[in-house]
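Chain by chain, the residues run as shown.
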Amino acid sequence: MTGIATVFRTLAAAAAALLAVTVTAPAAQARPEPKAPGEFVPLRSVDPTIMQEMRYPTAHDFMGEPVDGYRQSLCILTRPAAEALHRAQLRLLRQGYSLKVYDCYRPQRAVDHFVRWAKDLDDQTMKAEFYPRVDKTRLFADGYIAEKSGHSRGSTVDLTLVRLPALPTRPYRPGERLAPCYAPRAERFPDNSVDMGTGFDCFDTLSHTDDPRVQGVQRANRQFLKETLTEAGFVNLAEEWWHYTFQPELFPDTYFDFPVARRSVAGH
């Protein structure tokens, strides 16, 4: 009996040890979400007057769904970039305008989401608005989608100008009729910004900042934005009138992946 009891005690101990490993293993494997380095700040903490209409936490983007990594509607930037936007905003407010940001820091997981979507050629949900004249098979070759984005380095921002005073842009209603992003202002999705000739994230050559087909007030608005931001230290991406990078970049070679969330920059 003593030998049998010993065997049972041994088996019970082994089972308890196995159960302990099973229970604790998931906790040991779980990794906390990365947080932003201290040099990143929420834009509102530097300038609360700059308007924010963050598109990627919503369904009103070229994919038609919220983008991975955007937990809250929040603009996060490196502090030098945010402070440069503040300087530009002070100049604009004196002239009756405000900046409005559409996107700021972008986690690498969001870029990966873009790449997966671009490879799914059957998903054409938002084509009628964002890329009516571009075949989806061309998105990589034509440079509209890439596996890395300067936004992930924290000093790049997508933005526009708003004439003050202005009412908020109405919310997008999923499933509503789509109009081409290059259509006349009265026909495309409403935006409280000045007329730049196309909407934000318009995959079309008309979005090139200096496209010669864009003239009159639309061209003047683009140039006004460009001159204002250039003076503040930003460089425009020639293919996108809305895309600006503050230079010198604080992290020119690092692509971050912390989520767009208040907890990522808590205490900064």
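Because the structure is predicted, anything quoted here is derived from the model rather than measured.

Time to look at the pairing of strand S4 (residues 97-103). With respect to burial, S4 is a largely interior element, seven of its seven residues being buried. Pairing geometry for strand S2 (residues 51-52) and S4, over two bridges, is parallel. What sits directly across from Met 51, in S4, is Lys 100. Both S4 and strand S5 (residues 156-163) contribute to a ladder of six bridges, which runs antiparallel. Residue pairing in the sheet places Tyr 97 in a bridge with Arg 163 of S5.

Glancing now at the layout of surface pockets. The computed volume of the largest pocket comes to approximately 470 Å³. Lining the largest pocket are 25 residues, and of these Gly 143, Tyr 144, Leu 237, Glu 240 and His 243 lie nearest its centre. Classifying every residue of the lining of the largest pocket gives ten nonpolar, seven polar and eight charged. The computed volume of the second largest pocket comes to approximately 280 Å³. Along the wall of the second largest pocket there are 17 residues; nearest its centre are Glu 53, Arg 55, Thr 169, Arg 170 and Pro 171. In terms of residue class, the lining of the second largest pocket is made up of eight nonpolar, five polar and four charged.

Now for the UniProt feature "binding site: Zn(2+)" (unreviewed entry) in the protein. With numbering aligned to this structure, UniProt lists the feature "binding site: Zn(2+)" (unreviewed entry) at His 151, Asp 158 and His 243. These annotated residues cover 93 residues of sequence, and their C-alpha atoms lie no more than 9.5 Å from one another, placing them together at a single site. In the annotation above, His 151, Asp 158 and His 243 are the residues that line the largest pocket. In contact with Asp 158, other than residues within four places in its own chain, are Lys 100, Val 101, Tyr 102, Asp 103, Arg 106, His 151, Phe 200, Trp 242 and His 243. You can see His 243 is positioned in strand S7 (residues 243-246). Relative accessible area serves as the criterion here: at 13%, His 243 is assigned to the buried category. Those residues in contact with His 243 that lie beyond four places of it in its chain are His 151, Thr 156, Val 157, Asp 158, Val 235, Asn 236 and Leu 237.

The rules behind each value
- Residues numbered from 1 in each chain as written.
- Predicted model: local features only at pLDDT ≥ 70, side-chain atom pairs only at ≥ 80, totals over all residues.
- Heavy atoms only, no water.
- Buried < 20%, exposed > 50% of the residue type's maximum accessible area, 1.4 Å probe, protein only.
- Helix = DSSP H or I, 4+ residues; strand = E, 2+ residues; numbered from the N terminus.
- Pairing = 2+ DSSP bridges.
- 1 Å grid on protein atoms, 1.4 Å probe; cavity = no way out; pocket = protein on both sides within 12 Å on 5 of 7 lines; lining within 4 Å.
- Points joined across faces, edges and corners; volume = space filled by probe spheres on them.
- Nonpolar A, V, L, I, M, F, W, Y, C, P; charged D, E, K, R; others polar.
- UniProt positions renumbered as here; feature names shortened; annotations may be inferred.
- Contact = heavy atoms within 4.5 Å.

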